[in-house]
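# Breakdown of the fold
Okay, here's what each chain looks like letter by letter:
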Amino acid sequence: MVSEKLECLFEQTGYHKVPSNFPEFMFYYRREYQGVVVIHVIDYRTGVSVSEEQFTHLKQKILEFMHERGEQEVHLLSLILTDDTQRARQFSASDSFCWMIDTKSNRLIIHENQADDFYGWKGILEEFLFSSSKDEDTAYEQSGPTPYASRKADRRHWDKSRIKGLPWVTLCLVVSNVIVFLICTFTGRVLYNKGALGVMMVIEDGSFYRVLTSMFLHTDSGHLFSNMIILYYVGEIVEKRIGHLPYTVLYFLSGIAGSIVSMGYELLSGDYISSVGASGAVFGVEGALLLLVILQRGRMESVTISRMVFVIAFSLYCGFTSTDVNNAAHIGGVLMGFALAACFCMLRPYFRTGKDEGINEN
């Protein structure tokens, strides 16, 4: 039975089962550093009839169950076991965090509008289904030495998936900014003189590289901390959603756009300044997250449109009501991030490996 083998897989990867009065509905959870990860399994082969409203209500009950136990951050994925994919798709295809397993062909189905991965589970499930197809009788036996070896292999795969799923670009950017700031504390004004951004500096000596170097310089520890804390928490979500390479492109192009808008504002206003900071790029990441939340019909994980609009509006308000803040770079960054995220989402189908109208099949 696929459901029994899945239960064994969840146990091997450290997930805890929550008892249920209905064997067709099961869910498992595991605590991660971001919060609690929950996988909700519906066995749709048993003649169970579930409407879209019932499905949504069931997920809400699971979230309430975890919240009542003091868990604030709950990330939930639904997994539908079905031998009739068209029937199951009627209520699952519109959910970004709902995958299907076709039990007839042992394949994982992820629709185009759904999350490409969920804490490394795409790879784990693909390998699980492949092993089940290859050797139905011996892959997950419950006696002899095989279970121990299988658990070790699954654990290694799980650890690799977790490492692969980390927001490596965001982590590298944060570390790079911190290292540059530490160097600046020992070298005085050397890096600031060479790397700060100002339109007259660029025009006079042709130092166009300043549009990039200024993104890694910060005036003080407070300036660094405020940018990096936002970058880490917002960047982690965006990077996992759009991928490492598109996220890298988005970050740097948003920062460059912020620098260009800043220089344009200097020329128009005649107020020539010297500016530093990653704010333009960080605002670009925020703009990207706003677009992603809008595409997810107003909610993605624990982020909503209203929260994102408030964060961006409040950040801009603080900038306009403060002194020595490059608001032009903020505006240029957030607009570029929003636009690039839209472009990546439109191009996304061309980078998918699935067939059959945007479905990943394995």
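A short tour of the structure in this document, coming up. Everything numeric here is computed off the predicted structure, so don't read it as measured data.

### Re the pattern of salt bridges
- Evaluation of the coordinates by the stated rule reveals seven salt bridges.
- For Glu7, the salt bridge is made with Lys17, and the minimal N-O distance between the two is 3.3 Å. Separated by ten residues along the polypeptide, Glu7 in helix 1 (residues 2-12) and Lys17 in strand 1 (residues 16-18) bring together distant segments of the chain.
- Residue Glu7 is classed as partly exposed on the basis of its relative accessible area, which comes to 31%.
- On the basis of relative accessible area, Lys17 is assigned to the partly exposed category, the value being 42%.
- With its nearest N and O atoms 4.0 Å apart, the salt bridge here joins Arg69 to Glu68.
- Taking relative accessible area as the criterion, Glu68 reaches 63% and is therefore assigned exposed.

### Focus on the environment of Ser262
- In this fold, Ser262 is placed in helix 11 (residues 244-269).
- Looking at Ser262, the relative accessible area reads 2%, which means it is buried.
- In contact with Ser262, other than residues within four places in its own chain, are Leu197, Ser275, Asn326, Ala328 and Ala329.
- Of note is the side chain of Ser262, whose polar atom sits 2.7 Å from the side chain of Asn326.

### Looking at the packing of helix 6 (residues 168-187) against helix 11
- Axis separation between helix 6 and helix 11 bottoms out at 9 Å; the angle between their running directions is 40°. On the basis of their axis angle, the class for helix 6 and helix 11 is oblique. Packed against helix 6, whose contacting residues are Trp168, Val169, Thr170, Leu173 and Asn177, the element helix 11 presents His244, Tyr247, Thr248, Tyr251 and Phe252 at the interface.
- Taken together, the residues of the contact of helix 6 with helix 11 break down into six nonpolar, four polar and no charged.

### Brief notes about the nonpolar core
- Membership of the largest hydrophobic core comes to 30 residues, with the highest contact counts inside it found for Leu173, Leu231, Val238, Tyr247, Leu250, Tyr251 and Val285.
- Sorting the residues of this core by element identifies helix 6, helix 10 (221-242), helix 11, helix 12 (279-295) and helix 14 (327-347) as the ones contributing at least two each.
- Considering every element that reaches this core, the biggest residue donor is helix 12, with eight residues.
- Beyond its immediate chain neighbours, meaning those up to four positions away, Val238 contacts Gly243, Tyr247, Val285, Ala288, Leu289 and Leu292.

So, how was this worked out
Residues numbered from 1 in each chain as written. Predicted model: local features only at pLDDT ≥ 70, side-chain atom pairs only at ≥ 80, totals over all residues. Heavy atoms only, no water. Salt bridge = Lys/Arg side-chain N within 4 Å of Asp/Glu carboxyl O. Helix = DSSP H or I, 4+ residues; strand = E, 2+ residues; numbered from the N terminus. Buried < 20%, exposed > 50% of the residue type's maximum accessible area, 1.4 Å probe, protein only. Contact = heavy atoms within 4.5 Å. Polar contact = N/O pair within 3.5 Å; in protein donor to acceptor, adjacent residues only side chain to side chain. Axes fitted to C-alpha atoms, helices over the stretch in contact; angles between N-to-C directions. Parallel < 35°, antiparallel > 145°, perpendicular 65-115°, else oblique. Nonpolar A, V, L, I, M, F, W, Y, C, P; charged D, E, K, R; others polar. Core = buried A, V, L, I, M, F, W, Y, C linked by side-chain atoms within 4.5 Å.

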